[in-house]
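Here's the letter readout for the chains.
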Amino acid sequence: MRLCFLVEEHYRHDGMPNEVIRQLTAWGHRVDVVRPGGSLLRMSEAVDAGAHDAWVLKTVSGGPGLTLLEAAAAAGMTTVNDARSIRGVRDKALAAAIGRGQGLPLPVTYAVALPELLREIPAAEYPLVVKPADGSSGRAVHLVSSPERLEAMLPGLAGEGMLIAQPYVPNRGTDIKVYGVGGELFATERCSPLHPDASVPERRVPLSPEVAEIAARVGVVYGLDLYGVDVLLGPDGPVVVDVNDFPSFRQVPDAASRVAGAVLELARAGSGGRPAPAAALPYTLPVSIPVQATSAQVSSGQVTSGQVSSAQVAARAGDGA
């Protein structure tokens, strides 16, 4: 197959997607790499309809790569992820509206075009998490403890464009990152960008059925095939605080091979129409005992090891979607 990867300068030397590109090349496929952030693009000719079996995007939010991917989609090309879905998660204000509207557990979200409008958020909502609506990689995420603290921060927020603000979800200083690839879900625990001093190295962790159900629904709601979900384990249960298209897949075993295989599967499916909905895929839990299971549940047989069947995940993913 012939594939086109759109890779911006931020990821030029990054293991993801370079390792995926190397894997695809080793398997005998041709991969063309376009760097939209460092190239003069003649848009009328940038997309040569039929030249590639699929276009793959690995760029920062707000970069020019998404425009080129959308141009490829408009010309009838297969894109990974679906170009129509990517903007729905890269705009965090839009992602919050979509997710809450479909029943996903996201925080209440305020959106403002001017930082000073944040003053109108009720004091009862503090502390707040404030970040750019097009942010990525934990950039410019702020924990704002009070309206007084907000006043002091307003000058520094002036150049960030559209902002979102959400009530802070109390947590233990770490978040769960769930990666979806090739019909499988993998979970890692890492320090929250709001708590950089938490002494927790990023590591693979068991994936509870509750979090797995939410992560599977995220793929369905946003129409993503390769994605990441940031989940906080708050006092009232798991809360989704971010969704990413084509994340790093850190700590995922054989990540390059898994992602490369998923790209090929999606490219082949795209030649004959869109692939099956994510809800029909068999989401495997790569764990033996979920973290939230008690010893009584395990001994009584309420929790078992192995796979969650496609029928179970499809049924769960449909709830509230």
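Refer to the structure presented above.
Before going into details, it helps to say that this report is about the structure given with it. (Residues numbered from 1 in each chain as written. Predicted model: local features only at pLDDT ≥ 70, side-chain atom pairs only at ≥ 80, totals over all residues. Heavy atoms only, no water.)

As for the overall build of the protein chain
If you tally the helices and strands in the protein chain, you get 10 helices and 13 strands. By residue count, 49% of the 321 residues in the protein chain fall in the buried class. The long-range fraction of contacts in the protein chain, counting pairs at least 24 apart against all pairs at least 6 apart in sequence, stands at 66%. With an accessible surface of roughly 14,300 Å², the protein chain has 52% of that area assigned to carbon and sulfur atoms. (Helix = DSSP H or I, 4+ residues; strand = E, 2+ residues; numbered from the N terminus. Buried < 20%, exposed > 50% of the residue type's maximum accessible area, 1.4 Å probe, protein only. Contact = heavy atoms within 4.5 Å. Areas by Shrake-Rupley, 256 points an atom, 1.4 Å probe, with all protein chains shown as cover.)

Here's the deal with the sheet that holds strand β1 (residues 2-7)
The four strands are arranged β2-β1-β3-β4 in an open sheet whose pairing can be described as parallel. One side of each edge strand has no neighbouring strand; the edge strands of this open sheet are β2 (30-34) and β4 (79-80). Taken together, the five bridges between β1 and strand β3 (residues 54-58) define a ladder with parallel strand orientation. Bridge assignment links F5 to a residue of β3, and that residue is V56. Relative to β1, helix α1 (residues 15-26) is tilted by about 165°, and along the sheet it contacts β1, β2 and β3. (Pairing = 2+ DSSP bridges. Axes fitted to C-alpha atoms, helices over the stretch in contact; angles between N-to-C directions.)

What about the packing of helix α4 (residues 83-90) against helix α5 (residues 92-101)?
In the contact formed by α4 and α5, the axes pass within 5 Å of each other and the chain directions differ by 100°. If you check the angle between α4 and α5, you find them roughly perpendicular. Contacts from R87, G88, V89 and R90 in α4 reach K92, L94, A95 and I98 in α5. Within the contact of α4 with α5, the residues separate by chemical class into four nonpolar, one polar and three charged. (Parallel < 35°, antiparallel > 145°, perpendicular 65-115°, else oblique. Nonpolar A, V, L, I, M, F, W, Y, C, P; charged D, E, K, R; others polar.)

Describing unusual backbone geometry
What you tend to see is this: most non-glycine residues have negative phi, and most peptide bonds are trans. Residues V80 and N81 are joined by a peptide bond in cis, for which omega reads -5°. Positive phi, normally seen in glycine, also occurs at F246, with a value near 45°. Along the polypeptide, F246 turns up in the loop between β13 (237-245) and α8 (255-270). Even without being a glycine, D254 presents a positive backbone phi close to 50°.

Description of the pairing of strand β12 (residues 227-234)
Summarising burial for β12: seven of the eight residues are buried, a large majority. As paired elements, strand β9 (residues 174-181) and β12 share five bridges and run antiparallel to each other. Considered in β12, the bridge of V178 is made with V229. The turn linking β12 back onto β13 is made up of two residues.

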